[in-house]
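# Inside the fold
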Amino acid sequence: ARMLEAAIQYGNPVLIENIQEQLDPMLQPLLQKAVFKAGSLQMIRLGDSTIEYSNDFQLYLTTKLPNPHYPPEICVTVTLLNFVT
């Protein structure tokens, strides 16, 4: 979680591999981009902490599931790519 928080603050990309059909609830604010302003800073609440949010931050999720079925609330917040032909 500390590495994720640092990446969000400094605008580094994060790759989370081999996710299943259930995602950690801590990722919901990131997927929804639930960013708010505190003064001149953009902030996001991640778990119990509130951290500065960089617009350069990117989150990538990969899975090895052949045909994953994610809930609609996940599907509307992400872009799904299928590289299987």
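For the structure, check the block above.
This section reports on the structure supplied with the text. This structure is a prediction, so every number in the text was calculated from the model and none was measured.

All chains considered together, the criterion is met by one aromatic pair. Both rings, one in tyrosine 53 and one in phenylalanine 57, keep their centres 6.3 Å apart while their planes meet at 70 degrees; by these two values the pair is edge-to-face. Like phenylalanine 57, tyrosine 53 is buried.

This part takes up the environment of isoleucine 19. Mapped onto the secondary structure, isoleucine 19 falls in the loop between strand S1 (13-16) and helix H2 (28-31). Looking at isoleucine 19, the relative accessible area reads 12%, which means it is buried. Residues isoleucine 19 and lysine 33, spaced 14 residues apart in sequence, show a C-alpha to C-alpha distance of 19 Å. In contact with isoleucine 19, not counting residues within four places along its chain, are Leu61, Thr62, Thr63, Leu65 and Tyr70.

What counts and what doesn't
Residues numbered from 1 in each chain as written. Predicted model: local features only at pLDDT ≥ 70, side-chain atom pairs only at ≥ 80, totals over all residues. Heavy atoms only, no water. Phe/Tyr/Trp six-rings, centres within 6.5 Å; stacked < 30°, edge-to-face > 60°. Buried < 20%, exposed > 50% of the residue type's maximum accessible area, 1.4 Å probe, protein only. Helix = DSSP H or I, 4+ residues; strand = E, 2+ residues; numbered from the N terminus. Contact = heavy atoms within 4.5 Å.

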